[in-house]
Amino acid sequence: MAHIRKAEGVIDWLDQRLAVKKLAKVMMTEYWIPKDINFLWAMGVVLVVLLKILIISGIFLLMYYKPDVNLAFDSVNYTIMQEVEYGWLWRHLHGVAASCIFLIIYIHMFTGIYYGSYKQGREMIWLTGMALFGIFSAEAFSGYMLPWGQMSYWAAQVITNLFGGIPFIGSDLVVWIRGDFAVADATLTRFFMLHVLLLPLAIITLVAVHFYALRIPHVNNQEAEELDFEAEAKKFQEGKKRESKVVPFWPVFLSKDFFVVGVFMVLFFYLVFYHYDFAMDPINFEPANSMKTPAHIYPEWYFLWSYEVLRGFFFPVGPIAAMDIGLAAFGFANVIFMIFPFLDRDPKVAPAHRRPRFKIWFWLLLIDMIILTIFGKLPPLGINTYIGFVAAISFILLFVALPFITKKDALGGTK
Amino acid sequence: MREFKILGVVIFFTLLVYWGVEPFAHSQMHPHVAPADFTFKDLGTLQKQGDPKTGADTFMNAGCIGCHGVQSQGMPAPMDNASASASFGVTPPDLSSAGAIYAENFLAALIKNPAHALKVEHKFNETRQHPMPAFYGLGDDLDQEIADIVAYLKSIAPKQMNGKEVFVDACQRCHDMKYDKMYTTSDRETLAGYMGINPPDLSMMIRSKGTEYLNIFINNPQKQLAGTSMPRVGLNEVAQEQVISYIEETGDRKKSQREAIGPKIIGFMLIFAVLAYLWKVKIWRELH
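A quick note: this is a predicted structure, and the numbers were derived from the prediction, not measured.

Conventions we followed
Residues numbered from 1 in each chain as written. Chains lettered and ligands numbered in written order. Predicted model: local features only at pLDDT ≥ 70, side-chain atom pairs only at ≥ 80, totals over all residues. Heavy atoms only, no water. Helix = DSSP H or I, 4+ residues; strand = E, 2+ residues; numbered from the N terminus. Rg over C-alpha atoms; globule rule 2.2 N^0.38 Å. Areas by Shrake-Rupley, 256 points an atom, 1.4 Å probe, with all protein chains shown as cover. Lys, Arg positive; Asp, Glu negative; His and termini not counted. Charge placed at Lys NZ, Arg CZ, Asp CG, Glu CD. Buried < 20%, exposed > 50% of the residue type's maximum accessible area, 1.4 Å probe, protein only. Contact = heavy atoms within 4.5 Å. Domains from an automatic or database assignment. Buried area = accessible area lost by both parts, 1.4 Å probe. Salt bridge = Lys/Arg side-chain N within 4 Å of Asp/Glu carboxyl O. Polar contact = N/O pair within 3.5 Å; in protein donor to acceptor, adjacent residues only side chain to side chain. Arc of directions from axis to C-beta. Axes fitted to C-alpha atoms, helices over the stretch in contact; angles between N-to-C directions. Parallel < 35°, antiparallel > 145°, perpendicular 65-115°, else oblique. Left-handed = near helix turned anticlockwise from the far one by under 90°. Nonpolar A, V, L, I, M, F, W, Y, C, P; charged D, E, K, R; others polar. pLDDT = per-residue confidence, 0-100.

**Considerations on the overall build of chain A**
So, step 1. Scanning chain A from terminus to terminus reveals 16 helices and two strands.
So, step 2. Over its C-alpha atoms chain A spans a radius of gyration of 24 Å, differing by no more than 12% from the 22 Å that the globule rule assigns to 415 residues.
So, step 3. Its C-alpha atoms give chain A principal-axis dimensions of about 70 × 60 × 45 Å.
So, step 4. Just so you have it, chain A exposes about 19,000 Å², and 70% of that area is on carbon and sulfur atoms.
So, step 5. Distance between charge centroids for chain A: 9 Å, based on 34 positive and 33 negative side chains.

Written out as structure tokens, the structure reads:
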């Protein structure tokens, strides 16, 4: 055992027992980040802030929420929104943060794709990130069910039904997921459990792994320059700060992030107080009613692109039903991002603007996903169905083409 | 400069998605309908000048009080709620405030032909009569008699009403307002039978429908829900505004609190952002 001396102060007392000074170095003051980055590298910290808001507001909501089909709606809309002091604020924070976190996740993801930050040692960062995306999706879906409004109920109905399309076990699986033959009280209580316990645990664990996965290969930079972090860190510590190509996480990197977070929070709170309908759909303020199908059923905006891939295939091909093709495409859409690093056959790490074919591919993908998102919400009528179909097919073809395109870029060399 | 370019790209695509899934999608899902019409143009205008004194007698003889109460004039409802529900499917409202809350020409048209004024002719016809019978007159000029009744109802109506009172007289025979502990006066089962559907609780309508929709819908339900059994209630502009603000007070009780602390928190974050910027500049100065 280490020799314990009389402590000179609280920090020293802790240091002797927990090595807090060493810890602070490893985590903060000697955690080196490239200097050549832009504000897109602050999205990770913005996500952490949003996650904290979700956890804290969620804890307050949990104190009054009642997971019971007869009580849930009123516990949210009356008890929390009207009776509890500032309960409405917690709910607005929770709802708006849930929507915003997906916006930032998408920006974060596309940043990673653009700068090639998913390969050459950074695969685990990407994989844990995509796993987080998947679990966040489940978290958002289960959370949306809790107020037991019209869309809670009908989205649950439609989405759980999707599993029925899986061959052989489909219909049993649907019942197993719902805990009942129809979406009912048992469904609500189990999704409540997932939302407040199992999924948050998984998220917090995965976030830790995601951060850890970043330590070994280090953060990428705007020009994808390969840095000798030890040498650069040494320069910084010797006082050659201008010359060094790295900066410490604290305070240098975070000082920039705080500013980005501050600006983002201005927008965020504006949305919380004045412009929340996009995140808290008015239709969900109508109590769930199994006898009254809403005129339009659609998921939250962040699921629309994959929903549209599902809907896009609206006609059968030979003996295969439209629904089954759509479901296969939907499955494809949900796993394809996961294996992104392995579809990119160009071993070099470079930002998209230095990869001539990939650059075009990148913007096409972004535009295609936006088209899918927009048409995913529109009623599937007339021309909409055809645009949806073309966009869905394009999405799949883009990913089929990815290995070839990146291979060609690799052979042609980067600019 | 590069950062601004990137920021521009991020903002552009974010706004594009927002526009697509919010304003654009809503315009596609909910086609625009004409604004509320408080003149009830389709019912024409009141031609005759009514006399409240004659109207009082006409009213008593017209049979209205066989079904309706007029509490303010010491005339209680002739039947209790249960038997009224059983007879009519819905409890006939008290008429004390009718002259204040309904548009004049609407009231006249209602007395002459209820199903027409209420826009429920798709539900009622010769074989299935509306529970409120049309008034065929006492033998004199029908339009004059009706104008007199309207004038009488206006003369006894209160000068000042609040939103809740409008709700009680105009909506409560069908709707609950659960979050204000107000429940329909009709028997639920017969009401559902009469309407063909359970009239929804109005507590959260302000959040689920919004002011604009409510304003058009209450003025003429058929515009938003073609074929619906909810009648056109015929509120005048003032009364409708009051009932909507009552719906808002009940469903969005914390609105004023929300609007009061919003600027403070946003202001706080602005100051935070400025201080963070200054700190960042200070730290990065020695790095470039």
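That was the structure; now back to the text.
**Structural notes on the overall build of chain B**
So, step 1. Along chain B, the regular secondary structure elements total 14 helices and zero strands.
So, step 2. Along the chain direction, N to C, the helices and strands of chain B fall in the order α-α-α-α-α-α-α-α-α-α-α-α-α-α.
So, step 3. Taking 19 Å as the expected radius of gyration for a compact globule of 288 residues, we find that chain B reaches 26 Å, considerably beyond that expectation.
So, step 4. Counting over 288 residues, chain B shows a buried share of 45%.
So, step 5. Sequence-distant contacts in chain B: of pairs separated by 6 or more residues, those separated by 24 or more amount to 69%.

**Brief notes about the domain arrangement of chain A**
Size of an interface: often given as the accessible area lost when the parts come together.
Residues and elements named next belong to chain A.
So, step 1. In terms of domains, chain A is made up of domain 1 (31-151 + 183-284) and domain 2 (300-415).
So, step 2. Between domain 1 and domain 2, the C-alpha centre-to-centre distance is 25 Å.
So, step 3. Each partner contributes residues to the interface: domain 1 has 31 residues there, and domain 2 has 27 residues.
So, step 4. Between domain 1 and domain 2, roughly 2,600 Å² of surface is buried when both sides are summed, and carbon and sulfur atoms account for 68% of that area.
So, step 5. In this assembly, domain 1 and domain 2 are joined by two salt bridges.
So, step 6. A salt bridge links Lys119 to Asp344; the nearest nitrogen and oxygen atoms lie 2.9 Å apart.
So, step 7. For the pair domain 1 and domain 2, the number of links is 12 residue pairs in polar contact (both at pLDDT 80 or more).
So, step 8. Elements that contribute at least two residues to the side of domain 1 that touches domain 2 include exactly α5 (87-114) and α6 (123-145).

**A few points about helix α9 (residues 188-195) of chain B**
Residue and element names in this part refer to chain B.
So, step 1. Residues Leu191, Tyr194 and Met195 constitute the buried set of α9. Down the axis of α9, the buried side of the element spans an arc of 85 degrees, and every buried residue falls inside it. Away from the buried face of α9 by more than 90 degrees, exposed residues Glu189 and Gly193 are located.
So, step 2. Next to the buried residues of α9 lie α3 (81-88).

**A look at the environment of Lys292(A)**
All names here are of chain A.
So, step 1. Of note, Lys292 is situated in the loop between α11 (249-274) and α12 (304-312).
So, step 2. In contact with Lys292, not counting residues within four places along its chain, are Gln150, Trp154 and Glu286.
So, step 3. At 3.2 Å, the side chain of Lys292 forms a polar contact with the side chain of Glu286.

**Examining the packing of helix α3 (residues 43-62) of chain A against α11(A)**
Two quantities define a packed helix pair, namely the angle between the axes and the distance from one axis to the other.
Residue and element names in this part refer to chain A.
So, step 1. In the contact formed by α3 and α11, the axes pass within 9 Å of each other and the chain directions differ by 55 degrees. The orientation of α3 with respect to α11, classified from their angle, is oblique. Where α3 crosses over α11, the handedness of that crossing is right-handed. Two secondary-structure elements touch here, α3 through Met43, Val45, Val46, Val49, Leu50 and Ile53 and α11 through Phe253, Leu254, Asp257, Val260, Val261, Phe264, Met265 and Phe268.
So, step 2. Tallied by class, the residues present in the contact of α3 with α11 amount to 13 nonpolar, no polar and one charged.

**Some remarks on the interface of chain A and chain B**
So, step 1. Contacts between the two partners involve 62 residues from chain A, matched on the other side by 53 residues from chain B.
So, step 2. Connecting chain A to chain B are seven salt bridges.
So, step 3. When the shortest N-O distance is used, the salt bridge between Glu83(A) and Arg253(B) registers 3.2 Å.
So, step 4. Of all elements in the fold, only α4 (72-83), α5, α11 and α15 (356-377) of chain A reach the threshold of two or more residues within the side of chain A that touches chain B.
So, step 5. If you tally residues by element for the side of chain A that touches chain B, the top one is α11(A), at 15 residues.
So, step 6. Among the residues forming the side of chain A that touches chain B, the class breakdown is 41 nonpolar, 11 polar and 10 charged.

**Side note on the confidence of the model for chain B**
So, step 1. Here chain B shows a mean pLDDT of 96. Residues at 70 or above account for 100%.
So, step 2. Here the predicted complex carries an ipTM of 0.96, next to a pTM of 0.95.

**Some remarks on the side chain of Arg173(B)**
So, step 1. As for its position among the elements, Arg173(B) is in the loop between α8 (163-170) and α9.
So, step 2. Setting aside residues no more than four positions away along its own chain, Arg173(B) makes contact with Val90(B), Thr91(B), Pro93(B), Tyr102(B), Thr184(B), Thr185(B), Ser186(B) and Leu191(B).

**Some details on the packing of α15(A) against helix α1 (residues 2-29) of chain B**
So, step 1. The N-to-C vectors of α15(A) and α1(B) enclose an angle of 20 degrees; their axes lie 8 Å apart at closest approach. The pairing of α15(A) with α1(B) is recorded here as roughly parallel in orientation. For the pair α15(A) and α1(B), the sense of crossing is right-handed. Only Val9(B), Phe13(B), Leu16(B), Val17(B), Gly20(B), Val21(B), Glu22(B), Phe24(B), Ala25(B), His26(B) and Met29(B) of α1(B) make contact with α15(A), whose side of the interface consists of Trp363(A), Leu366(A), Ile367(A), Ile370(A), Thr373(A), Ile374(A) and Lys377(A).
So, step 2. Here the residues of the contact of α15(A) with α1(B) are counted per class, giving 13 nonpolar, three polar and two charged.

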